[in-house]
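Spelled out from the first residue to the last, the chains are:
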Amino acid sequence: MSVTLPESVDAWRMVSARRSFEGTLPVASMSRLCEALADTDGSVHFELDFGRDELGISYVDVRATGSLSVTCQRTLEPFDLPVTVDTRLGLIRQEREEAGLPPDCEPLLVAEDGRLNPVDVIEDELLLALPLIPINPDSSLPDEAISQEPETSGEGQSENPFAVLRELKK
């Protein structure tokens, strides 16, 4: 296990060596993820395990856990969202190789030179783990939104727009 995460690795060498990386990344170091968050404090614990399965398919297992600060779309208040990622990515050289991956394996297209940025891989998986519309499970709608009664016309009953047609039918 390695604690330091290199900026770039040769994916195919990592697979051959069955290399693993483990450590923590500051949330602030992942710029694309920071754009989706309310606050960039904190860190994410990660594990990357490169290998080859029984079918000979090269993969990287990505596991990450942490708490990310997102904005609740119901209350517009920030809250901490616990996030857990546990994904197997099948390493492919060309898009057509995707069809040969097992169903539990997501494709990861590796550049022609074999270079892979581990931080980008972790950041991509964290972005995919974020909900489209984050809502704090402990939140509730404001009282003003709940207690409003629907508006009615002055008579208390709205007129049927087809009443005129009923009269014509007679």
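Residues numbered from 1 in each chain as written. Predicted model: local features only at pLDDT ≥ 70, side-chain atom pairs only at ≥ 80, totals over all residues. Heavy atoms only, no water.

A.B. asks: Sorry if this is basic, but what is going on with the pattern of salt bridges here?
C.D. replies: Two side chains bearing opposite charge may form a pair once their charged atoms approach each other closely. Taken as a whole and assessed by the stated rule, the structure comprises 5 salt bridges. Across the pair Arg63 and Glu47 runs a salt bridge, and its minimum N-O distance is 3.2 Å. Taken together, the residues span a long stretch of sequence, with Arg63 in strand E4 (residues 58-71) and Glu47 in strand E3 (residues 43-52) at a distance of 16 residues. The exposure class of Arg63 is partly exposed, given its relative accessible area of 25%. Taking the relative accessible area as the measure of exposure, Glu47 reaches 22% and is therefore partly exposed. (Salt bridge = Lys/Arg side-chain N within 4 Å of Asp/Glu carboxyl O. Helix = DSSP H or I, 4+ residues; strand = E, 2+ residues; numbered from the N terminus. Buried < 20%, exposed > 50% of the residue type's maximum accessible area, 1.4 Å probe, protein only.)

A.B. asks: I'm lost on helix H3 (residues 118-129) in this one. Help?
C.D. replies: Along an α-helix, residues three or four apart share an orientation, since each turn contains 3.6 residues. Spanning 12 residues, H3 covers 17 Å between terminal C-alpha atoms, matching the ideal 16 Å at 1.5 Å per step. Along H3, the residues that are buried comprise Pro118, Val119, Val121, Ile122, Glu123, Glu125 and Leu126. Its side-chain oxygen placed 3.1 Å from the backbone nitrogen of Val119, Asn117 serves as the N-cap of H3. (Expected span 1.5 Å × (residues − 1). Polar contact = N/O pair within 3.5 Å; in protein donor to acceptor, adjacent residues only side chain to side chain.)

A.B. asks: Can you help me understand the side chain of Asp10 in this one?
C.D. replies: Topologically, Asp10 is positioned in strand E1 (residues 9-10). Buried charge Asp10 goes without a salt bridge, the closest partner of opposite sign being Arg13 at 4.5 Å. At 3.1 Å, the side chain of Asp10 forms a polar contact with the backbone nitrogen of Trp12. In contact with Asp10, not counting residues within four places along its chain, are Gly114 and Arg115. (Lys, Arg positive; Asp, Glu negative; His and termini not counted. Contact = heavy atoms within 4.5 Å.)

Fair warning: the whole summary comes from geometry, so function is off the table for now.
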